Amino acid sequence: MKIENILALAVAKAVKELYQADVEEQQVQLQKTKREFEGHLTLVVFPFLRLSHKKPEDTAQDIGQWLAEHEPAVEKYNVIKGFLNLSIAPGFWLHVLQSIHADADYGIRQAGADAPLVMIEYSSPNTNKPLHLGHVRNNLLGWSLAQILQAAGNRVVKTNIVNDRGIHICKSMLAWQRWGNGETPQSSGRKGDHLIGDYYVAFDKHYREEVKNLQQQYEQEGMDADSAKAKAEKEAPLIKEAHAMLVKWEQGDAEVRRLWQMMNEWVYAGFDETYRALGVSFDKIYYESDTYLVGKQEVEDGLARGLFERHEDGSVWADLTDEGLDKKLLIRSDGTSVYMTQDIGTAKLRFQDYAIDRMIYVVGNEQDYHFKVLSILLDRLGFKWGKSLRHFSYGMVELPNGKMKSREGTVVDADDLVKEMIGTARRTSDALGEGRQDKQDGMDEAEKNEIARIVGMGALKYFLLKVDARKNMMFNPAESIDFNGNTGPFIQYAYARIRSILRKAEAEGCAMPEQVEADVPLNDKEQALIQHLADYAEIVMEAAEELSPSVIANYCYDLVKEFNQFYHDYSILHEPDAAKKRLRLVLSAEVAKVIKSGMQLLGIEVPERM
RNA sequence: GGCUUCGUAGCUCAGUUGGAUAGAGCAACAGCCUUCUAAGCUGUGGGCCAUGGGUUCGAAUCCCAUCGAAGUCACCA
């Protein structure tokens, strides 16, 4: 049982006996005692004043006295204003440490066969360009959320919806046809998604040129600038050709489909590589080309049931004005489907494939409105899960000079970023290796590279996950990523140091004790560490409930900070008192265990040495 | 303009059922490697928690207004 619960119970009892008043266990406010005061847990007594009819100090004194006499876990207490600071007996902390020590999967709940099934959609790339930093944030958040939900006892299905059809793909296809000379990833040595991205950019470049020329022509014919531009954007030969290609695609034209198939395969091969580097994967991948017709059918059915309206030009709309929203287009006048229609189809297929209890979409906050509408539409269409779908809305990554825009070339490419992080990690390791002691002593090249990969990716992942996902975040390519301070490598380093100590202890023949011995005295830092470890199980549940990887990240950082202070002040291997040494070995091992577990929930690996 | 979200140190960020003197890291300065890995530890300086009201024993946290930023309001996805 957790110490907070034990004390809450005891406090309720104390109030009952002292003031003859009933207090719910829930109402008892216990918080960690601030560093500058003595004690471990602090009771806020203000809520009890109306029961005691006494001053805060006296009330705290009363309750403290009672607890010290009746509750064995409370060793002593002190009162500062309305705050009752309680010191917990060392024996209790040893007991807590033992329970953590005995549980190999401490903090993790196994999902039973009847556990809730959560489907989590993330990544959702377009197949016309490579992944960038924004996608990286999405992928890492999605993966981490899946790990956290699983650790909290849910069954989790990770899914991806690939936007593999539409005008954007046709643009790349057209550009490749026109200027590609049959270039392939193999012939050019270029990663497939980048190759396709190049042609998308090429299309845009030529298209803009056409628009510019046409606009000039229209203006000379007497149009004003704005309408000339609008007309030019529609009339440019390239965009008309792309549209014609899209129509052919929808009609199933064999030639176009073959090209589409081939180029998408290139992109998928490229994405797979990036996903592998990021350490993410999916249980089930959906393709928009498979789901958009389902969505269209669903909308037609809804139309037949009078849920939607068809305009004169043939387009289909949902009227959401009674919900305080606008009217929303579902099917274009030319009969093709839009984004919303496809999402309806995808949702339907998913719930056919899985008995989903909970659906979570990891999608950027620029789509808040979209998911609000999707939820209402699914509900109206009669899907009982429509109302309860959850849009995990995360903020965008901003660059010092503004938003990332692929057209303006202000994107941070995912592959480049990964490469750069790993390279920086390697150079940092090499530089530190030249110091007083060679950290890389005895490592071969492969091992050095593997550590650089783990550390570089750890830095990147931690940087993106430690901040509150809902907020926009700033990424300064020049100086943002650091390997010191509140970073992934800081935590990984602490882990590697502990592992090193444990290896040395083992080599000395000092085996890890099965049991934590009772009656070993504890100093403040040891107690604080145990108290910190004791929170982990609750932190995991909290992270799952709030869907917040940053809760885990910040917990791990605090834990490591605490450990580092301990590590600095006390020796472990050189501790002369054998019982004390055994205790510290257990304590260190448990800190390492929790770090590893927490980092795993963030998708971050920990190195045995670095 | 309507709606949504956000505003905490020079910079990047923590701070959730309202609790003590608002915390880290980076950057600056000053210390600590002859003992377990210095990617570390210790110290100094740095704050009108955007602004103004309100709610109460108590507000960075809850409510209202104002200012500022971002997103969205497409026959793009």
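Thresholds applied
Here the residue numbers are simple positions, counted from 1 along each chain's written sequence. Naming scheme: in the order in which they are written, chains are lettered from A and ligands are numbered from 1. For a predicted model such as this one, the threshold for reporting local features is a pLDDT of at least 70, and the threshold for listing and counting side-chain atom pairs is 80 or more; totals across whole chains, interfaces and linings nevertheless cover every residue. Working from all heavy atoms in the structure, the side-chain values ignore hydrogens and water. Pairing between strands is defined by DSSP: at least two bridges between them are needed. To qualify as a helix, a DSSP run of H or I must reach at least 4 residues; to qualify as a strand, a run of E must reach at least 2; elements of each kind are numbered from the N terminus. For helices, the axis comes from a line fit to the C-alpha atoms of the stretch in contact; other axes are also lines fit to C-alpha atoms, and the angle between any two N-to-C directions lies between 0 and 180 degrees. Near is defined per residue: the residue qualifies when any heavy atom it owns lies within 4 Å of the molecule or strand. The definition of a polar contact used here is a pair of N or O atoms within 3.5 Å, where within protein one atom must be able to donate a hydrogen and the other to accept one, and adjacent residues in sequence count solely through side-chain atom pairs.

**Q** Which parts of the structure should I look at to understand the sheet that holds strand β3 (residues 74-80)?
**A** Strand order in the open sheet formed by four strands is β1-β2-β4-β3, with antiparallel pairing between adjacent strands. Bordering the open sheet on either side are β1 (30-32) and β3, each of which pairs with just one other strand. On average, each strand axis in the sheet is tilted by 30 degrees relative to the strand beside it, whichever way the strands run. Bridging between β1 and strand β2 (residues 41-44) involves three bridges; their strand directions are antiparallel.

**Q** What is the right way to look at the protein's contact with RNA strand B in this model?
**A** Around RNA strand B sit 70 residues in total, of which Asp313, Lys439, Tyr493, Tyr567 and His574 are the nearest. Within 4 Å of the protein, atoms of RNA strand B come from sugar and phosphate in 63% of cases. Contacts to RNA strand B include Ser429, whose side-chain N or O atom sits 2.8 Å from a base nitrogen. With respect to RNA strand B, the side chain of Lys504 contributes an N or O atom lying 2.8 Å from a phosphate oxygen. Every element with two or more residues in the surface near RNA strand B is listed here: β2, β4 (83-88), α15 (414-433), β15 (473-474), α17 (488-507) and α19 (549-569).

**Q** Teacher, can you tell me more about the pairing of β3 here?
**A** Successive side chains on a regular strand alternate, one facing one side of the sheet and the next facing the other. The sheet contact formed by β3 and β4 spans six bridges and is antiparallel. Considered in β4, the bridge of Val74 is made with Ile88. Count of turn residues in the β3/β4 antiparallel hairpin: two residues, of which Lys81 carries a positive phi of about 50 degrees.

Geometric values such as these leave the question of function open.
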